[in-house]
Amino acid sequence: MKKFSIVIAGGGSTFTPGIVMMMLDNIDRFPIRTLKLYDNDGERQAILGEALEILLKEQAPDIDFSYTTDPETAFTDVDFCMAHIRVGKYAMREQDEKIPLNHGVVGQETCGPGGIAYGMRSIGGMMEIIDYMEKYSPDCWMLNYSNPAAIVAEACRVMRPNAKVLNICDMPVGTLRRMSQIIDKEPKDLEVRYFGLNHFGWWTSVKDKEGHEYLPQIREYVAENGYLTKVEVDTQHMDQSWQETHKKAKDLLAVNPRYLPNTYLKYYLFPDYEVNHSSCTYSRANEVMDGREKTVFTAAKKIVEKGTAENSGFTIDSHASFIVDLARAIAFNTHERMLMIVENNGAIANFDDDAMVEVPCIVGSDGPEPLAQGKIPAFEKALMHQQVTVEKLVVEAYITGSYQTLWQALTLSKIIPSAEVAKNVLDDLIVANKGFWPELS
Ligand SMILES: NC(=O)c1ccc[n+]([C@@H]2O[C@H](COP(=O)([O-])OP(=O)(O)OC[C@H]3O[C@@H](n4cnc5c(N)ncnc54)[C@H](O)[C@@H]3O)[C@@H](O)[C@H]2O)c1
Ligand SMILES: O=P(O)(O)OC[C@H]1O[C@H](O[C@H]2[C@H](O)[C@@H](O)[C@@H](O)O[C@@H]2CO)[C@H](O)[C@@H](O)[C@@H]1O
Ligand SMILES: [Mn+2]
């Protein structure tokens, strides 16, 4: 079988060790000859790079491993770029969450003003790595899960329409795993129908391969418990705040029992509840810095200190195996059915063609082919239209440098109560994001 050359962009990410371990776990399905880490923060990346070098020498000595901050070295001779960059890192995520909260507005990584601020930072970073990929390895595909994926995907559509970038999110994968636990099945036994935007959608069907529909059974469970399951396989997302998120799906279902909701809809439908249950001084960014970031970087330092990765704290991020499924779909034309963020073009019959939507696709060597999801009802359609317009305005504001357009984007966000609050939040975000956003006028 062909062996592939991979670069991980955002090599210093908290997810890098888990994803490398997951790739090693899948090496028979997806052989690797070269693995490179690329980051623009050499110091942060080196901590993980040194540890992974030791681990790979022990567990996969045939793989040519390296880490670099030099784009040419990183992007030359690569087949796939797995991209998970966070422009501004956790320090800026903290600002994205706390600035809106100080104005009484939801502060969240990818939704509402936090997501808009993050989007304005991510667009430049993403275009930069896409350009490196196209310059040094024109045949390479980028599998992107850098956030905010909805805004990044729209920016790719407008700014790099021909680039080989596939935008994907792990949330539908994680939620399907919870659903499969609820009905005592395996995710691979199930086939779903789904429509929406990234972090903003609904499952309309969950069937087994024989065609049995499980949506009513799952709905009954979610109406009582949300997606909180009894057997926990996802240790990372059992922090208190994530438990609350999974539970809150119960209230989302009460508003709209027709379909099964994406958990992040809670930020749009229950913003007042979210603000009342958030802390302006200790947000999710703090939870992650004190949790996942500390755990991963402490484990890396220990490996380097001991000179061995035996019994190391690095764990396989097995839920991320969808990344290998996606790479295999492209490399081996497997026609895997996956939820992807793609240009609508009729997949949702009564929604704008040029909207970036999240729908099931069949993925082969030429990329994703969206599956038709038919017409959607008025309630979901109106919510989606409002949100997708926010995402489009953010990209327009980035390109034109228009303060007015970004103010409109914030004003239109369902999470923000008025144009006045939108302006106050925007003015604080501009100060905090100096050097990361284009100058607005
Ligand atoms: N879509 C999904 O399903 C999903 C799931 C989990 C995480 N994520 C995303 O993955 C990314 C990484 O998350 P994390 O929590 O591990 O963040 P992190 O801060 O630990 O890692 C991100 C890394 O990106 C680097 N970086 C920033 N800008 C860069 C640039 N222009 N070029 C190269 N490297 C750059 C940073 O230096 C940092 O080392 C985030 O965008 C996060 O939102 C997405
Ligand atoms: O707050 P964080 O940094 O821990 O997570 C934010 C990410 O959350 C989503 O991904 C979750 C997924 O929903 C859950 O089921 C589980 O499997 O873990 C994932 C994160 O590893 C979301 O899709 C991402 O875009 C967010 O970055
Ligand atoms: Mn996501």
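For the structure given in this document, a descriptive report is provided here. Bear in mind the structure is a predicted one, so any value in this text is a computation, not a measurement. (Residues numbered from 1 in each chain as written. Chains lettered and ligands numbered in written order. Predicted model: local features only at pLDDT ≥ 70, side-chain atom pairs only at ≥ 80, totals over all residues. Heavy atoms only, no water.)

What follows covers helix α13 (residues 321-332). Relative to the 16 Å expected for 12 residues at 1.5 Å per residue, α13 spans 16 Å between its end C-alpha atoms, a close match to the ideal helical length. Every buried residue of α13 is accounted for by Phe322, Ile323, Val324, Asp325, Leu326, Ala327, Ala329 and Ile330. (Helix = DSSP H or I, 4+ residues; strand = E, 2+ residues; numbered from the N terminus. Expected span 1.5 Å × (residues − 1). Buried < 20%, exposed > 50% of the residue type's maximum accessible area, 1.4 Å probe, protein only.)

This brings us to the site of ligand 2. Close to ligand 2 lie 18 residues; Arg93, Asn147, Asp170, Arg284 and Arg292 are nearest. In the environment of ligand 2, an oxygen atom lies 2.7 Å from a nitrogen or oxygen atom belonging to the side chain of asparagine 147. Between histidine 319 and ligand 2, the recorded distance is 3.3 Å, taken from a side-chain N or O atom to an oxygen atom. When isolated, ligand 2 has an accessible area of 550 Å², and the protein chains bury 95% of it. Among the secondary structure elements, those contributing two or more residues to the shell around ligand 2 are α7 (171-182) and α12 (284-306). Taken together, the residues of the shell around ligand 2 sort by class into 6 nonpolar, 6 polar and 6 charged. (Near = heavy atom within 4 Å. Polar contact = N/O pair within 3.5 Å; in protein donor to acceptor, adjacent residues only side chain to side chain. Areas by Shrake-Rupley, 256 points an atom, 1.4 Å probe, with all protein chains shown as cover. Nonpolar A, V, L, I, M, F, W, Y, C, P; charged D, E, K, R; others polar.)

Here we come to the packing of aromatic side chains. Where two aromatic rings form a pair, the distance of their centres and the angle of their planes describe that pair. Tallied over the full model, the rule gives 16 aromatic pairs. When the ring of phenylalanine 200 is compared with that of tyrosine 268, the centres are 4.8 Å apart and the planes differ by 70°; the resulting orientation is edge-to-face. Taken together, the residues phenylalanine 200 in strand β8 (residues 200-208) and tyrosine 268 in helix α10 (residues 266-269) connect sequence positions 68 residues apart. Comparing phenylalanine 200 with tyrosine 268, the two get one shared label, buried. Three or more aromatic residues joined by ring pairs form one cluster here, namely Phe195, Phe200, Trp202, Tyr259 and Tyr268. A cation over an aromatic ring shows up here: lysine 248 above the ring of phenylalanine 270, its NZ or CZ 4.4 Å from the ring centre. One Lys or Arg, lysine 248, reaches over the ring of tyrosine 273 and ends 3.4 Å from the middle of that ring. (Phe/Tyr/Trp six-rings, centres within 6.5 Å; stacked < 30°, edge-to-face > 60°. Lys NZ or Arg CZ within 6 Å of the ring centre and 35° of its normal.)

Here we come to the coordination of the manganese ion (ligand 3). Put simply, the ideal angle at a metal is 109.5 degrees for four donors in tetrahedral geometry and 90 or 180 degrees for six donors in octahedral geometry. Looking at the manganese ion (ligand 3), the protein donor atoms are Cys169 (SG) and His199 (NE2), and they sit 2.2 to 2.3 Å from it. Here the residue cysteine 169 occupies a position in the loop between β6 (165-167) and α7, and histidine 199 occupies one in the loop between β7 (190-197) and β8, the gap between them amounting to 30 residues. Of the two residues, cysteine 169 and histidine 199, both sit in the buried class. (Donors = N, O, S within 2.8 Å, 3.2 Å for Na, K, Ca; no water.)

A few words now on the site of ligand 1. The environment of ligand 1 is formed by 27 residues, the closest being Ser13, Asp39, Tyr90, Tyr118 and Asp170. Between ligand 1 and tyrosine 90, the relevant distance is 2.3 Å, taken from an oxygen atom to a side-chain nitrogen or oxygen of the residue. When the free accessible area of ligand 1 is taken as 860 Å², the share hidden by the protein chains comes to 95%. When residues of the shell around ligand 1 are traced back to their parent elements, those giving at least two are α4 (89-102) and α5 (112-136). No other element matches the 3 residues that α5 contributes to the shell around ligand 1. Class assignment of the residues belonging to the shell around ligand 1 gives a composition of 9 nonpolar, 9 polar and 9 charged.

Along the polypeptide, alanine 155 turns up in helix α6 (residues 149-159). Separated by 33 residues in the primary sequence, alanine 155 and serine 122 have C-alpha atoms spaced 9.6 Å apart. For alanine 155, the contacting residues outside a window of four places in its chain are Ile123, Met127, Arg160 and Val395. (Contact = heavy atoms within 4.5 Å.)

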